[in-house]
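Fold and geometry: a report
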Amino acid sequence: MGQHDNRTFGSAGSAGRAGDADTEADAGAPDAEPGTVEEDGELAALALKILVAGGFGVGKTTLVGAVSEIRPLRTEEQLSEAGELVDDTDGVDHKTTTTVAMDFGRITIRSGLSLYLFGTPGQDRFWFLWDELSTGALGAVVLADTRRLEDCFPAVDYFEHRRIPFVVAVNCFTEARRYGAHDVSRALDLEQGTPVVLCDARDRDSGKEVLIRLVEYAGRVHTARLLDSVGPQAGSG
Ligand SMILES: Nc1nc2c(ncn2[C@@H]2O[C@H](COP(=O)(O)OP(=O)(O)OP(=O)(O)O)[C@@H](O)[C@H]2O)c(=O)[nH]1
Ligand SMILES: [Mg+2]
């Protein structure tokens, strides 16, 4: 995997284009490039690109679908016998489909601020898509299931190495034992300050809260980096 370092705060980069993916719905992607200024001088809605990542079957597609105000684009395919050899479906027996390219949705957080949501595929064989999907992302949500916490290690590693700010959102499946945010943070050996939130991926308000936490956190991280980059004299004048 390439070592891209693609962080832009306030820019959605190559966000928002569904391309020619074999999709099940028209995602309603906006015509205007995200994060731009309208010609009449009005500030266009700021659109930020957010990734929704995590292990197989943790609820990424569910989360994007729950919060999206447009009909989400999905690229689900049946889990096949051929895929059994390469797909790790342990612990997710009831699942019959899997994301093979990406999910796409959009949510307006407040007037003038929208998020474009890109759900990643959960299977290892689609890792090659991650660099493309993460280009220009403000930050990421790493969904976790406490019954299979190790499944989100690769996503945590991925974002830490690329210095893409992320929050860990524990999807509280009813059957799963509850753990506090602190326990999850320790178990994942997260860098200090990385937020851990508990959520229900099926619930719109819950998903929205996760996204707001991420935007606030990523905003702080990017601002701190910007101040760092202008040196110690910043803020002393
Ligand atoms: N009980 C419960 N079921 C959930 C929850 N979130 C998702 N599910 C179910 O779990 C299954 C997996 O959800 P998906 O959203 O497809 O998971 P995914 O992470 O997109 O899966 P991949 O793309 O294949 O990696 C689906 O059958 C959902 O209905 C949850 O919070 N609670
Ligand atoms: Mg999915």
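Residues numbered from 1 in each chain as written. Chains lettered and ligands numbered in written order. Predicted model: local features only at pLDDT ≥ 70, side-chain atom pairs only at ≥ 80, totals over all residues.

1. Quick look at the site of ligand 1
Taken together, 18 residues are adjacent to ligand 1, and Gly 59, Thr 61, Thr 62, Thr 99 and Gly 122 come closest. Mapped onto the shell around ligand 1, the elements with two or more residues apiece are helix 1 (60-67) and strand 3 (97-99). Looking at the shell around ligand 1, the element that brings in the most residues is helix 1, giving three residues. Across the shell around ligand 1, the residue classes tally to five nonpolar, nine polar and four charged. (Near = placed C-beta within 6 Å. Helix = DSSP H or I, 4+ residues; strand = E, 2+ residues; numbered from the N terminus. Nonpolar A, V, L, I, M, F, W, Y, C, P; charged D, E, K, R; others polar.)

2. Focus: the pairing of strand 1 (residues 46-54)
By the criterion of burial, strand 1 is predominantly enclosed, with eight of the nine residues buried. Two elements, strand 1 and strand 5 (residues 113-119), share seven bridges in a ladder whose sense is parallel. Residue pairing for strand 5: Leu 51 is matched across the bridge by Phe 118. Strand direction decides the pairing type here: strand 1 and strand 6 (residues 139-144), joined by five bridges, are parallel. From the neighbouring strand, Ala 53 faces strand 6, where its bridge partner is Val 142. (Buried ≥ 20, exposed ≤ 12 C-beta atoms within 10 Å, placed from the backbone. Pairing = 2+ DSSP bridges.)

3. Considering unusual backbone geometry
Non-glycine residue Arg 163 carries a positive phi angle of around 55°. Within the fold, Arg 163 resides in the loop between helix 3 (153-161) and strand 7 (166-171). Positive phi, close to 55°, is recorded for Asp 189, a residue that is not glycine. Looking at the element boundaries, Asp 189 is found in the loop between helix 4 (181-187) and strand 8 (196-199).

4. A short note on the confidence of the model for the protein chain
When pLDDT drops low, the exact placement of atoms in the prediction is not to be read closely. Of the residues in the protein chain, 74% reach a pLDDT of 70 or more, and the chain-wide mean stands at 82. When the criterion is pLDDT under 50, residues 1-34 qualifies, and its contacts beyond four places in sequence or with other chains add up to 71 contacts. (pLDDT = per-residue confidence, 0-100. Contact = placed C-beta atoms within 7 Å.)

5. Points about the sheet that holds strand 1
Sheet architecture is open: six strands sit in the order 4-5-1-6-7-8, paired in mixed fashion. Here the strands that pair on one side only, and so sit at the sheet edges, are strand 4 (103-110) and strand 8. Each strand axis lies, on average, 30° off the axis of its neighbour in the sheet, ignoring direction. Note that strand 6 and strand 7 share five bridges and pair parallel. In the strand pairing of strand 7, Ala 140 is matched with Phe 166. Helix-sheet contacts for helix 3 involve strand 1, strand 6 and strand 7, and the interaxial angle to strand 6 is about 160°. (Axes fitted to C-alpha atoms, helices over the stretch in contact; angles between N-to-C directions.)

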